[in-house]
Amino acid sequence: MNRRQFLAYGGAGAAALSASQAAYAQATATRIELSVEPADVELIDGRVVYQLLFFGGASGEARPVLRVTEGDLVTFAVRNNAPEPHAFAIPGIVGATIPAIAPGGRGEVTIRAPRGGTYLYLAPLNAPANRLLGLHGALISIPRESRTPAGAVTPYAADALTPAARLVFDAMRDDPNARYPGDPWRPEREKIWLFAQIDPALCAQAELRRPIDGPMVQRTFAPRYFTINGLSGFDSSEAESVKPKGYVGQPRLIRTHNAGRAPHAPHHPGNHVLELSGTGADGGVVVRDNIVERDTWIMPALERKDLLLPFESPQDVPRAGWPPKEEPFPLRYAMHCHTEMSQTAGGGNYPQGLVTHWDLLGPVRPSVTS
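Numbers given to residues run from 1 along each chain, matching the order in which its sequence is written. Two thresholds apply to this predicted model, a pLDDT of at least 70 for residue-level local features and 80 or more for giving and counting side-chain atom pairs, whereas whole-chain, interface and lining totals are computed over all residues. Side-chain calculation: all heavy atoms of the structure are included, whereas hydrogens and water are not.

1. With respect to the confidence of the model for the protein
Confidence along the protein averages 91 in pLDDT terms, with 91% of residues attaining 70 or more. The low-confidence segment residues 10-25 (pLDDT under 50) makes 33 contacts with residues lying over four places distant or belonging to another chain. Confidence of the prediction at every residue is given by pLDDT, a number between 0 and 100. Note on contacts: a residue pair is in contact if any heavy atoms of the two residues lie within 4.5 Å.

See below:
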């Protein structure tokens, strides 16, 4: 490249990570083109830092969400437009690695797409430095057959579903007596949350092309910005790509990834969430066989978890007072992280960190597509 990409996190980053209903209707193309690009990135407080980002995929945007169909042969082709070697890997998928790609060079790998679920792609060289500089993104594998015996659609392969997972998705139906009395779950009712952290000192070191010792970064990384899908603070609170919304009985699947170094502990006031899946010891997707409600869930570095936000009438509202007569819809609830430092930007600008909202639009409205 003759010039760097410039990315304002309030714009391109949000567009790149929006879910597409059409992606579920037909198989993803078998070849996915990506490039590693230097970028000047504007943060929530106007500060601009140097990062390295993957561009490309179907959207052509920064850090695209990659979607593949379970069982397909998929070729990932990566061009390195950065001034140093880079690589590509998808933890949890055997063989999904491109070794070092020289500056200006290209690399390819072909794999069979894994079982349906949530994955993370990243640059593994000099770990964790290149990943923390921005080289990471979300990969979603769409199952070919995902229905329960009762016919409910799920985000997982039918033969991977546990009895507990089948019960959860079977409980979403147009029935006033059902646990989730709205619509059956549909793939477009999802949000992808990609958590990351930024240390401006590391970014400055990379921009000056000073040597970076990955193991040393593991010990000295000092994050000052905390993002969801590249956004934070007001931007992440209002971004349609981040903020879940719906009516009672229309649960949302939230696919969460932590691409950073610091752990997170997201908390959802208003509703507890159901932890549907997590990351196995081999990096693969594990569907939970004991699904419990969580007030807060833990996201260590490189963890991936799927949570179901049930969109129930809030537990703190008495049944006799539901639906509320004096407080208008939508009811808005914050999502914030209980890792306290993540709520700030630039070392103390609160609440401009890892935050968003979820909006309860109203009581049950069957057969409403949002």
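2. Overview of the environment of Arg-294
Secondary structure elements are defined from DSSP: runs of H or I of at least 4 residues count as helices, runs of E of at least 2 residues count as strands, and each element is numbered from the N terminus. Counting through the fold element by element, Arg-294 comes out in strand E19 (residues 293-294). Separated by 27 residues in sequence, Arg-294 and His-267 have C-alpha atoms that sit 8.6 Å apart. Here Arg-294 is in contact with His-272, Val-273 and Glu-275, once residues within four sequence places are set aside. Within polar-contact distance, the side chain of Arg-294 engages the side chain of Glu-275 at 2.7 Å. Polar contacts, as used here, are pairs of N or O atoms within 3.5 Å; protein pairs need one atom able to donate a hydrogen and one able to accept it. Residues neighboring in sequence count only if both atoms are side-chain atoms.

3. Structural notes on the packing of aromatic side chains
Between 30 and 60 degrees the pair is tilted, below 30 it is stacked and above 60 it is edge-to-face, where a pair is any two Phe, Tyr or Trp rings, Trp via its six-membered ring, whose centres lie within 6.5 Å. In this structure the tally under the stated criterion is 9 aromatic pairs. With centroids separated by 5.5 Å and ring planes inclined at 65 degrees, the aromatic side chains of Phe-54 and Tyr-121 adopt a geometry described as edge-to-face. In this pair, Phe-54 is assigned in strand E3 (residues 48-56) and Tyr-121 in strand E10 (residues 117-122), connecting sequence segments 67 residues apart. Each residue is assigned to one of three classes by its accessible area relative to the maximum for its type, calculated with a 1.4 Å probe on protein chains only: buried under 20%, partly exposed between the two thresholds, exposed over 50%. Relative accessible area serves as the criterion here: at 0%, Phe-54 is assigned to the buried category. Judged by its relative accessible area of 0%, Tyr-121 falls in the buried class. Summarising the aromatic geometry, the rings of Trp-322 and Phe-329 are spaced 5.7 Å apart at their centres and angled 85 degrees between planes, so their arrangement reads as edge-to-face. According to the relative accessible area criterion, Phe-329 is partly exposed, its value standing at 26%. Site record: aromatic cluster; members linked through ring pairs are Phe-54, Phe-76, Phe-88 and Tyr-121. One cation-aromatic arrangement involves Arg-252 over Phe-311; the distance from NZ or CZ to the ring centre is 5.6 Å. Two conditions define a charge sitting above a ring: the NZ of Lys or the CZ of Arg must be within 6 Å of the ring centre, and it must be within 35 degrees of the ring normal.

4. So, helix H5 (residues 200-207)
Of all the positions in H5, only Pro-200, Leu-202, Cys-203 and Ala-206 are classed as buried. Buried residues in H5, looked at end-on, bunch into an arc of 160 degrees, giving them a common side. Note: the arc covers the axis-to-C-beta directions of the helix.

5. Focus on the nonpolar core
Most often, soluble globular proteins have nonpolar side chains that are buried together. As used in this record, nonpolar core signifies buried Ala, Val, Leu, Ile, Met, Phe, Trp, Tyr and Cys residues forming a set joined through side-chain atoms within 4.5 Å. Among the nonpolar cores identified, the biggest contains 44 residues, and Phe-54, Phe-76, Phe-88 and Ile-90 are the most heavily contacted of them. A per-element tally of this core places E3 first, with 6 residues. Listed in part, the 23 residues of the second largest apolar core include Val-242, Met-299, Leu-307 and Tyr-333.

6. Considering unusual backbone geometry
Look at the link from Trp-322 to Pro-323: it is a cis peptide, with omega at 0 degrees. With respect to the helices and strands, the residue Pro-323 is situated in the loop between strand E20 (304-309) and strand E21 (331-337). Although it is not a glycine, Arg-209 adopts a positive phi angle of roughly 60 degrees. Within the secondary structure layout, Arg-209 lies in the loop between H5 and helix H6 (214-220). In this model, Phe-311 sits at a positive phi of 55 degrees, which is unusual for a non-glycine residue. By secondary structure assignment, the location of Phe-311 is in the loop between E20 and E21. Owing to a relative accessible area of 0%, Phe-311 belongs among the buried residues under this scheme.

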